[in-house]
Amino acid sequence: QVQLVESGGGLVQPGGSLRLSCSASASIVFKISTMGWYRQGPGKQRELVAAITSNGSTNYADSMKGRFTISRDNTNNMVYLQMNSLKSEDTAVYYCNAVPWPGREYWGQGTQVTVSS
């Protein structure tokens, strides 16, 4: 069992930045997992934002490329999402996801990001 806890969400003005953090409870599982950030905006389906494999390869949704950066710290079981040049359409609940092997995944409870002036 892996518990994921997100933090770092909040209210930010358009053009601003936020860094989201996700802490994982199980070190061994974390180290082998592909970690991802997903988001779900109001009235929208949950969508992938970015993912990072256990060896550091990254993947981004097209609309986030160049603005968002995913990273991980395997020593401290953390994964981060640096978000720059935020837009109102980035407003959503952001979820941390861990996939240690096919067919198994874990989710955090989510953190709200609101981009508004």
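Residues numbered from 1 in each chain as written. Predicted model: local features only at pLDDT ≥ 70, side-chain atom pairs only at ≥ 80, totals over all residues. Heavy atoms only, no water.

**A short note on the overall build of the chain**
Turning to step 1, where the next piece is worked out: When you go through the chain residue by residue, the secondary structure sums to 1 helix and 11 strands.
Turning to step 2, where the next piece is worked out: Each helix and strand of the chain, placed in order from N terminus to C terminus, yields the pattern β-β-β-α-β-β-β-β-β-β-β-β.
Turning to step 3, where the next piece is worked out: Compactness check: the chain gives a C-alpha radius of gyration of 13 Å against a globular reference of 13 Å for 117 residues, within 12% of the reference.
Turning to step 4, where the next piece is worked out: Along the first, second and third principal axes, the C-alpha atoms of the chain reach 40 × 25 × 25 Å.
Turning to step 5, where the next piece is worked out: In the chain, which comprises 117 residues, the share counted as buried stands at 44%.
Turning to step 6, where the next piece is worked out: Of the contacts made within the chain by residues no fewer than 6 positions apart, 53% connect residues no fewer than 24 positions apart.
Turning to step 7, where the next piece is worked out: Of the charged side chains in the chain, 10 are positive and 7 negative, and the gap between their average positions amounts to 3 Å. (Helix = DSSP H or I, 4+ residues; strand = E, 2+ residues; numbered from the N terminus. Rg over C-alpha atoms; globule rule 2.2 N^0.38 Å. Buried < 20%, exposed > 50% of the residue type's maximum accessible area, 1.4 Å probe, protein only. Contact = heavy atoms within 4.5 Å. Lys, Arg positive; Asp, Glu negative; His and termini not counted. Charge placed at Lys NZ, Arg CZ, Asp CG, Glu CD.)

**Considerations on the sheet that holds strand β3 (residues 18–24)**
Turning to step 1, where the next piece is worked out: With antiparallel pairing, the 4 strands of this open sheet are ordered in space as β1-β3-β8-β7. Each having just a single partner strand, β1 (4–7) and β7 (68–73) make up the two edges of the open sheet. This sheet shows a mean twist of 15° between the axes of neighbouring strands, independent of strand direction. (Pairing = 2+ DSSP bridges. Axes fitted to C-alpha atoms, helices over the stretch in contact; angles between N-to-C directions.)

**Overview of the pairing of strand β5 (residues 47–52)**
Turning to step 1, where the next piece is worked out: Pairing of strand β4 (residues 34–40) with β5, which is carried by 5 bridges, proceeds in the antiparallel orientation. Bridge assignment links Y38 to a residue of β5, and that residue is L48.
Turning to step 2, where the next piece is worked out: Adjacent in sequence and paired antiparallel, β4 and β5 are bridged by 6 residues, among which G43 carries a positive phi angle near 70°.
Turning to step 3, where the next piece is worked out: When β5 meets strand β6 (residues 58–60), the two strands line up antiparallel, connected through 3 bridges. What sits directly across from A50, in β6, is Y60.
Turning to step 4, where the next piece is worked out: Two successive antiparallel strands, β5 and β6, enclose a turn made up of 5 residues, where G56 displays a positive phi of approximately 95°.

**As for the state of the cysteines**
Turning to step 1, where the next piece is worked out: Under the criterion given, the structure shown has 1 disulfide.
Turning to step 2, where the next piece is worked out: Between C22 and C96 runs a disulfide, and the two sulfur atoms are separated by 2.1 Å. Taking the sign of the torsion about the S-S bond as the criterion, the disulfide between C22 and C96, at about -85°, is left-handed. One end of the pair, C22, is in strand β3; the other, C96, is in strand β9 (residues 92–101), with 74 residues separating them in the sequence. Of the two residues, C22 and C96, both sit in the buried class. (Disulfide = S-S within 2.5 Å.)

**Thoughts on unusual backbone geometry**
Turning to step 1, where the next piece is worked out: At N77, a residue that is not glycine, the phi angle is positive and equals roughly 55°.
Turning to step 2, where the next piece is worked out: For S85, which is not glycine, the phi torsion reads 50° and is therefore positive.
Turning to step 3, where the next piece is worked out: Here S85 falls in the partly exposed class, since its relative accessible area comes to 41%.

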